[in-house]
Amino acid sequence: ELVKELAGTAELEAGLQAKLGIRQAVVLPGDSDRLTSVKNAIGRQAARIAEEKFESCRTIAVTGGSTMAAVAAEIRAAKKNPAMQFIAARGGLGEEMLHQANTIASSFADKTGGTVRTLYLPEHMSAEALEMMMKEPIIKEMMELYDQTDLVIHGIGDAEEMAIRRRSSVTEVEKIKTGGAVSEAFGYYFDKLGKIVYRIPTAGIQLEQVQKAPGIMAVAGGRTKARAIESYFQAAPERTILITDEGAARAILNPT
Ligand code: G3H
């Protein structure tokens, strides 16, 4: 117990890699639940890792959320690169504007001199409307881009919190609850074993497309996200790089 409490971030990183079955975890000191500066530090660290990857990337898909906004805020580019293309991983408008994937993709493009492809769709569509929408050339084009994604950078949310934040309908909340959803990422809800229990009916990147992308980065921190991170990593590929904080790491490694 004491040893765990005293463990430095390097030990926490090794512990997370082993427990979550991934090759690289980066742990920032502190807990972003308590201090915004810790979320900013996650953003800064993720930005540095992303910038290194940009050199070998053309198409980069990004999601929304406050942690992703922190990454976007920290992105800088020594040299502008118009060959880079940023795409919003989801078209949904469920969250406040600054935290939407579209806004974040635009901000990445702004900072790097790259281009952006956005997709503005209602967060909640009927199955019929979605089916029709998927036939639209503009959506098809977006789907092709998702297929060619070199790097995905995404947040991870707590299932219940995300359902509330996105003002999900009673039926949706029901599906999320009865399915035992614990985490949410790019519009998918996962249970504690990483099984998909629900997906928001809107156009966006498919789990298979995320899973085949050569580069994947996940940004999420805070003690309250520990269960969500564990749940999502049951579905995440081994090469996913997690950038998190001590609050989440300790709660994952030493559950109470
Ligand atoms: O899908 C996950 C959420 O977008 C995460 O949002 O970083 O504000 O907690 P957050």
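See the structure printed just above.
Residues numbered from 1 in each chain as written. Predicted model: local features only at pLDDT ≥ 70, side-chain atom pairs only at ≥ 80, totals over all residues. Heavy atoms only, no water.

Observations regarding the pattern of salt bridges
Per the stated rule, a full pass over the model turns up 13 salt bridges. Of the charged contacts, one joins glutamate 238 and arginine 23 as a salt bridge, the two residues approaching to 3.8 Å between their closest N and O atoms. Here arginine 23 lies in the loop between α2 (9–20) and β1 (24–28) and glutamate 238 lies in the loop between α11 (226–232) and β11 (241–245), a separation of 215 residues in the sequence. If you follow the salt bridges from partner to partner, you end up with Glu95, Glu161, Arg165, Arg166 and Glu184 in one network. (Salt bridge = Lys/Arg side-chain N within 4 Å of Asp/Glu carboxyl O. Helix = DSSP H or I, 4+ residues; strand = E, 2+ residues; numbered from the N terminus.)

Digging into the side chain of threonine 202
Within the fold, threonine 202 resides in the loop between β9 (196–199) and α10 (207–212). Take threonine 202: its relative accessible area is 5%, and that puts it in the buried class. Among residues more than four places away in sequence, those in contact with threonine 202 are Arg90, Gly91, Gly92, Leu121, Pro122, Glu123, Met125 and Leu130. (Buried < 20%, exposed > 50% of the residue type's maximum accessible area, 1.4 Å probe, protein only. Contact = heavy atoms within 4.5 Å.)

Structural notes on empty space enclosed by the protein
Taken as a whole, this structure holds 1 cavity of 30 Å³ or more when the rule is applied. As for the largest cavity, its lining consists of 22 residues, and the residues nearest its centre are Gly64, Gly65, Glu95, Met162 and Arg166. Counting residues per element, the ones that place at least two in the lining of the largest cavity are α4 (66–74), α8 (159–165) and β7 (181–185). Here the element with the most residues in the lining of the largest cavity is α4; it accounts for 3 residues. Within the lining of the largest cavity, the residues separate by chemical class into 6 nonpolar, 10 polar and 6 charged. (1 Å grid on protein atoms, 1.4 Å probe; cavity = no way out; pocket = protein on both sides within 12 Å on 5 of 7 lines; lining within 4 Å. Points joined across faces, edges and corners; volume = space filled by probe spheres on them. Nonpolar A, V, L, I, M, F, W, Y, C, P; charged D, E, K, R; others polar.)

By themselves, these figures tell us nothing about what the structure is for.
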